[in-house]
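Here's the letter readout for the chains.
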Amino acid sequence: MANTSSLQLSEKKSGLVLAGTYTIFNQGDETARSVFPSFRLDRFQWSGEAQNLGAGEQFTWSLNQIIPLEQLCLSVSPECPVALPVHGHYLVKIHKHYQDLNGYAFEVPDILELNLNGKSQTPLNLRLQISTEDQKNFAASYNLKNPFEERISFAIQLHLPKEMRLESSIPPVEVPSEGELQGSFQFENVKGLPGSEYIRVLSAEWAYQGKRSGQWAYNAFKIQRKSPARHWSLDQTFWAWWSWSLFLGLILMWIFWIRPLRRLPK
């Protein structure tokens, strides 16, 4: 599922306004059912009305949503591990939902970047890698460097499709100036299909010089199929038993015939 967006943030006395359009394209070769986007910005959440999209079709959702100030991360809380200013660079967490013709539901994570009186930000050199332990257990490792001239508190989050369950999370981490941070998340495949490819997204958010900032990275990972168990054919089974019988016969012949003959006096 591809998408385009014209969403923008603007400011008003009671909070922010998220307005514009968001379009999803069905790039597949079959009908996708119950297609809709869901958005999360700090504590604010919104979901579009579900639509059925045939192959090659698209639908555009229009938004004009007020986000009250109390739903923004202006103070530290479990939902907002780092206090963030109103102005700056926003990361809107998106999930694209849809179902295939068999009713199997998918949920693809994505990030939309929006600015509110912000400025171009210094990149973190944020990197994300994956290691596969088996078909069920995975690890996501990340690396970031603090390029600023002061200690920064970062909120690090991993965003996964609904087929996965996050087993570990981390509290806000403080990184000194020019310091580097490495860490990892453990997550579990709950109902992901073998052979299917999934997206995961890592986001980092922080405050610097009175502005909020954010950066994200993503990559795809595939759930490997189990190697099929090897079954012998009838011919292979026959020759295996024949070889084993021959080997066993030679041993018995050595024990009960050749060995006693060698012990007879000459």
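Preceding this section is the structure that the text describes.
A. Up close: the overall build of the chain. Counting its regular elements, the chain contains one helix and 17 strands. Burial status across the chain gives 38% buried among its 266 residues. For the chain, the exposed area adds up to about 15500 Å²; of that, 52% sits on carbon and sulfur atoms.

B. Highlighting the environment of Leu72. Note on placement: Leu72 falls in the loop between β7 (58-68) and β8 (88-99). Leu72 gets classed as buried once you look at its relative accessible area, which sits at 1%. Separated by 29 residues in the primary sequence, Leu72 and Arg43 place their C-alpha atoms 6.1 Å from one another. Once residues within four sequence positions are removed from consideration, Leu72 is found in contact with Leu16, Asp42, Arg43, Ile67 and Tyr90.

C. Region of the structure containing the side chain of Arg200. Looking at where Arg200 falls in the secondary structure, it is placed in strand β16 (residues 197-208). Within the structure, the side chain of Arg200 is placed 2.3 Å from the backbone oxygen of Gln129, a separation counted as a polar contact. At a separation of 2.8 Å, a polar atom in the side chain of Arg200 contacts the side chain of Asn219.

D. How the structure looks around the pairing of β16. The buried fraction of β16 is high, at nine of 12 residues. Bridge analysis of strand β12 (residues 152-159) against β16 gives five bridges, and the strand direction is antiparallel. Pairing of His159 across the sheet is with Val201, part of β16. Both β16 and strand β17 (residues 211-222) contribute to a ladder of 12 bridges, which runs antiparallel. Counterpart to Ala207 in the pairing with β17 is Arg212. Count of turn residues in the β16/β17 antiparallel hairpin: two residues, of which Gln209 carries a positive phi of about 55°.

E. Structural context of the state of the cysteines. According to the stated counting rule, one finds one disulfide in the structure shown. A sulfur-sulfur distance of 1.9 Å marks the disulfide that ties Cys73 to Cys80. In this structure the cystine formed by Cys73 and Cys80 twists about its S-S bond by roughly -70°; its chirality is therefore left-handed. In this pair, the class of Cys73 matches that of Cys80, namely buried.

Definitions and cut-offs
Residues numbered from 1 in each chain as written. Predicted model: local features only at pLDDT ≥ 70, side-chain atom pairs only at ≥ 80, totals over all residues. Heavy atoms only, no water. Helix = DSSP H or I, 4+ residues; strand = E, 2+ residues; numbered from the N terminus. Buried < 20%, exposed > 50% of the residue type's maximum accessible area, 1.4 Å probe, protein only. Areas by Shrake-Rupley, 256 points an atom, 1.4 Å probe, with all protein chains shown as cover. Contact = heavy atoms within 4.5 Å. Polar contact = N/O pair within 3.5 Å; in protein donor to acceptor, adjacent residues only side chain to side chain. Pairing = 2+ DSSP bridges. Disulfide = S-S within 2.5 Å.

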